[in-house]
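Residues per chain, in single letters:
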There are 2 protein chains.
Amino acid sequence: MPVPLDLARLDASEALALIRKDEVTVTQYVQALISRIDERDPVVRAWAYFDPAYVLEQARALDALPREQRGPLHGLPVGVKDIMLTKDMPTQYRSPIYSSKVPIGMDSAPVMTLRAQGALMLGKTTTTEFATCHRGCETVNPHDTSRTPGGSSSGSGAAVADFQVPVALGTQTGGSVIRPASFNGIYGLKPTWNAISREGVKIYSLTCDTVGFFSRSITDLQLLSSAFQIRDDAAPPASPLSLKGAKFGFVKTCVWPRATEGTVKAFERAKELLEAEGAVVEEVELPKEFDEIPRLYQYVLSSEGRSAFLGDYLLNPSKLDLLILSHSRNDLHVTRKKHLEGYDKIAALRPIIDEIARKYDALVTPSTTDEAPVLVEPERHTGEAVFNLMWTILHVAVLNLPGFAGPAGCPLGLSLVAPRFEDERLLHVGEAVGRVFAEKGGWASAL
Amino acid sequence: MPVPLDLARLDASEALALIRKDEVTVTQYVQALISRIDERDPVVRAWAYFDPAYVLEQARALDALPREQRGPLHGLPVGVKDIMLTKDMPTQYRSPIYSSKVPIGMDSAPVMTLRAQGALMLGKTTTTEFATCHRGCETVNPHDTSRTPGGSSSGSGAAVADFQVPVALGTQTGGSVIRPASFNGIYGLKPTWNAISREGVKIYSLTCDTVGFFSRSITDLQLLSSAFQIRDDAAPPASPLSLKGAKFGFVKTCVWPRATEGTVKAFERAKELLEAEGAVVEEVELPKEFDEIPRLYQYVLSSEGRSAFLGDYLLNPSKLDLLILSHSRNDLHVTRKKHLEGYDKIAALRPIIDEIARKYDALVTPSTTDEAPVLVEPERHTGEAVFNLMWTILHVAVLNLPGFAGPAGCPLGLSLVAPRFEDERLLHVGEAVGRVFAEKGGWASAL
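As the structure is a prediction and not an experimental result, all values here were calculated from the model.

The rules behind these values
- Residues numbered from 1 in each chain as written.
- Chains lettered and ligands numbered in written order.
- Predicted model: local features only at pLDDT ≥ 70, side-chain atom pairs only at ≥ 80, totals over all residues.
- Heavy atoms only, no water.
- Axes fitted to C-alpha atoms, helices over the stretch in contact; angles between N-to-C directions.
- Helix = DSSP H or I, 4+ residues; strand = E, 2+ residues; numbered from the N terminus.
- Parallel < 35°, antiparallel > 145°, perpendicular 65-115°, else oblique.
- Contact = heavy atoms within 4.5 Å.
- Nonpolar A, V, L, I, M, F, W, Y, C, P; charged D, E, K, R; others polar.
- Buried < 20%, exposed > 50% of the residue type's maximum accessible area, 1.4 Å probe, protein only.
- Expected span 1.5 Å × (residues − 1).
- Phe/Tyr/Trp six-rings, centres within 6.5 Å; stacked < 30°, edge-to-face > 60°.
- Lys NZ or Arg CZ within 6 Å of the ring centre and 35° of its normal.
- Salt bridge = Lys/Arg side-chain N within 4 Å of Asp/Glu carboxyl O.
- Buried area = accessible area lost by both parts, 1.4 Å probe.
- Polar contact = N/O pair within 3.5 Å; in protein donor to acceptor, adjacent residues only side chain to side chain.
- Pairing = 2+ DSSP bridges.
- Right-handed = clockwise from strand over helix to strand, strands pointing away.

## Examining the packing of helix α7 (residues 218-227) of chain A against helix α14 (residues 423-440) of chain A
All names here are of chain A. The interhelical angle for the contact between α7 and α14, taken along N-to-C directions, is 170°, at an axis separation of 10 Å. By the criterion of interaxial angle, the relationship of α7 to α14 is roughly antiparallel. For the pair α7 and α14, contact is made by Ile-218, Leu-221, Gln-222 and Ser-225 and by Leu-427, His-428, Gly-430 and Glu-431, respectively. Across the contact of α7 with α14, the residue classes tally to 3 nonpolar, 4 polar and 1 charged.

In structure tokens form, the structure reads like this:
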């Protein structure tokens, strides 16, 4: 059988179709990925754990499966953020407390769900410590190795962008899916909160932590969403969305002054592009209550971080990142009253943002302040989550669409936002909008 | 050194004080518990996993610790509900899917936090399957072995009541702490939601699942709460609450018609007892929006259960309890719209119930419909959670106080309820009220 020249370049859906047609084996597919990782990872450093021999062993086992026993994700290689338990690979959280190479003997729910349908966990992708974002990890941006890939899902974003794996799992507590997606020029979905079980995924903030995905196509995000049964009440139409007459609400939010050149230009360019397609574009000003969210978010994050890390703090205070220590010691003096103020005021805003978003095919908002910043030692800061945390704690569905470039020519994306549990619709709209951004936004991957 | 006759009868705080004074060793203490378990557990069957040799090994290690390395919980024996991971004991969730005897190599956050302070995990206590309450487990009520101990924290409730362990960890999604506490005639605290990290505790409903405790005294609940740093904004006074002039709001709730003889009498008796102490007692009628909670609760439970068990459902549908299957298949046809209606309407009621509860020293409400029902094969139903689920999903602090008897002479309790994050105050009030209920409520343990 002829094997396409570079399987690693395919989207997952394309590769899986070839496997289904017996034109490619799972082994051939992962061999292509292993080659790419061998070639590139000494520079990109996206993997916290990667064992090619074990990957090949699993691939051969999948190839040996009788056709009728194969799942809908048969042969799908997945990068797994290293804060998610994998029964066969270590989980280290980038924490010196968890440096053991011995796997914890259970799969986190996202991994279990994907494996149950035939996916193959390619390895563990790097993360910042416990997915908190005070300091970056060793991973670099594949498009410009002097820059951050973003965080906390650093390895997932970088590996997908770099053709080392077609899709990857990440988590977002502030902006840890959308930011790396934007900085790496790929698609990223932060689904509605709790659409995917977070069992076996390290807790930082129960209210904010959300499991999400990275990919190089909307089709692959649809494949993953479908695997997790993330369905709207009403399925979107089978035919693509026509942008003619579609309606978009552009939301700057209260943190707009933090946007710099790349994002400011992308925001305006996106309006022009959508209008050129015949879409209706409006600027949306959120009610002033939404301006309180950054403050309220900190109350919730700090209070929930305090209880989440209590055990680690009691056992190993000297091995914890300073940000976690600040939560544990409650350095911000967040009272229970403030904590509840955060819970209750934000809970009241969730149906309001749903209602606002429902007036449009999607809201459009910045994903990041700009393209990825240059890495600065020793912090290796992964960039700002200011444009993400509001949507995260509001629990709405958020999709990063790549296509734009910053002043240095590095990628940056914009976010589409849909009401809670309208994830399918968001992807349907994202497909049409993403095509325009990719074709006319001004950036294309040189990798 | 003279050893008190029956260490197993002591409250944990009493036993720990003796250990601190070198009047008792940890080994002697756990030997007394092991004897009690040997004698009683063939009937009560409260333990899913119990290895006396390993317990003694840990006790000896604690005894060998230099004094300056001993934690505030040094030597505290704890029963751990078998849905919480323990790195050194298997975790089986009472599910045929998880029958392996191999421990998962990590401690859940509650276990880690207690061990970090010197506690000793005595064993794993029985649970209903995944802490869902469709069918009961093998455990019986120690006060009347023909009756249920309640569930889902069946073993934790029974073992504490039966003097097999002084305190135990449980979880509550509907009424799984308060119900077994009531049926076993012991104290049970369901703290404010997320006051304790649920890392490593099997997820059923993120919004409802709450880690809680069982004990035979308020002092022991205070010991545990303090170990988890569950602190109010304002610490309650050091001196005991005087009931004279204290104010209690008696809340029947919309499910009051489900209360039968034992609970109806206990409710009235409690009013009389408090009034006799000089307290002010009022009946509180909740706003009519609260009547919707049972319906909204089902929306949330079913929808969250659906995503929580997706992985298990895909891998092992034939090995799942029917209730879980019904969530997985969405037999109740809960739409996303209903799911969000549940989230948003209940979120709006949380500050309202806080405000109502803040007008009183505590709200008083039934813990169970009556004393524990007689076990009926094959379901071995653990009783109703109708009086608990409202408070669980409202996230408020709830304390079961024992002291009353049902028509068959079996124990039943009443709940005190306080606003979110007023757990310390709730225990302070509970100390005074619990003393009256215990002395004059009409029930005392014959064990």
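## Quick notes on unusual backbone geometry
Of the consecutive residues Gly151(A) and Ser152(A), the connecting peptide bond is found in the cis state with omega at 0°. Position of Ser152(A) among the secondary structure elements: in the loop between β3 (120-125) and α5 (154-161). A cis amide bond links Glu377(B) to the next residue, Pro378(B), at an omega of -5°. Summarising the element assignment, Pro378(B) is placed in the loop between β9 (362-366) and α13 (389-394). Despite not being glycine, Thr253(A) has its phi angle at roughly 65°, a positive value. Positionally, Thr253(A) belongs in the loop between β7 (247-251) and α8 (261-276). Positive phi values are uncommon outside glycine, yet Asn330(B) reaches one of about 50°. Summarising the element assignment, Asn330(B) is placed in the loop between α11 (322-328) and α12 (336-357). For Asn330(B), a relative accessible area of 12% puts it in the buried group.

## A look at helix α8 (residues 261-276) of chain B
All names here are of chain B. Between its terminal C-alpha atoms α8 stretches 22 Å, which fits the 22 Å expected from 16 residues at 1.5 Å a residue. Along its buried surface, α8 packs onto β7 (247-251), β8 (280-284), β9, β10 (397-405), β11 (411-418) and α14 (423-440). Once α8 finishes, Gly-278 follows within two positions and takes phi at roughly 95°, a positive value.

## Quick look at the packing of aromatic side chains
Taken as a whole, this structure holds 22 aromatic pairs over all chains when the rule is applied. Plain terms: the ring middles of Phe213(A) and Phe228(A) are 5.6 Å apart, the flat faces sit at 25° to each other, and that makes the pair stacked. Of this pair, Phe213(A) sits in strand β6 (residues 210-215) while Phe228(A) sits in the loop between α7 and β7, placing them 15 residues apart in sequence. A relative accessible area of 0% places Phe213(A) in the buried class. We classify Phe228(A) as buried; its relative accessible area is 4%. Put simply, the rings of Tyr93(A), Tyr98(A), Phe130(A), Tyr204(A) and Phe309(A) touch in pairs and so form one group of aromatic residues. Lying over the aromatic face of Phe163(B), Arg9(B) brings its terminal NZ or CZ to 4.2 Å of the ring centre.

## Some remarks on the pattern of salt bridges
Taken as a whole and judged by the stated rule, the model has 67 salt bridges over all chains. Between Arg198(A) and Asp209(A) there is a salt bridge, with the nearest N and O atoms lying 3.1 Å from each other. Here the residue Arg198(A) occupies a position in the loop between β5 (187-190) and β6, and Asp209(A) occupies one in the loop between β5 and β6, the gap between them amounting to 11 residues. Judged on exposure class, the residue Arg198(A) and its partner Asp209(A) are both buried. Residue Arg67(B) is joined to Asp22(B) by a salt bridge in which the shortest nitrogen-to-oxygen separation is 2.6 Å. You can see Arg67(B) sitting in the loop between α3 (52-64) and β2 (77-81) and its partner Asp22(B) sitting in the loop between α1 (12-20) and α2 (26-44), a full 45 residues away along the chain.

## Considering the interface of chain A and chain B
Listed by partner, the interface residues are 49 residues for chain A and 49 residues for chain B. For the pair chain A and chain B, the summed buried area comes to about 4,300 Å², and 60% of that belongs to carbon and sulfur atoms. Among the residues of chain A in contact with chain B, Glu199(A), Arg336(A) and Phe421(A) are the three that bury the most area, contributing 15% of the side total. The tally of links from chain A across to chain B stands at 3 salt bridges. Taking the shortest distance from any N to any O, the salt bridge between Arg420(A) and Asp344(B) comes out at 2.6 Å. At the surface where chain A touches chain B, the tally comes to 16 residue pairs in polar contact (both at pLDDT 80 or more). Counting residues per element, the ones that place at least two in the side of chain A that touches chain B are α4 (109-116), α9 (293-308), α10 (310-315) and α12 (336-357) of chain A.

## A word on the pairing of strand β2 (residues 77-81) of chain A
Residue and element names in this part refer to chain A. Here β2 lies mainly inside the structure; 5 of its 5 residues are buried. Judged by which residues are buried, β2 turns out to be covered on both faces: Pro-77, Gly-79 and Lys-81 on one side and Val-78 and Val-80 on the other are all buried. Taken together, the 5 bridges between β2 and β3 define a ladder with parallel strand orientation. From the neighbouring strand, Lys-81 faces β3, where its bridge partner is Thr-125. A crossover connection joins β2 to the parallel β3 through α4; in handedness this β-α-β unit is right-handed. Relative to strand β4 (residues 167-172), β2 runs parallel, the two being bridged by 3 bridges. Across the sheet, the residue bridging to Gly-79 is Ala-168, located in β4.

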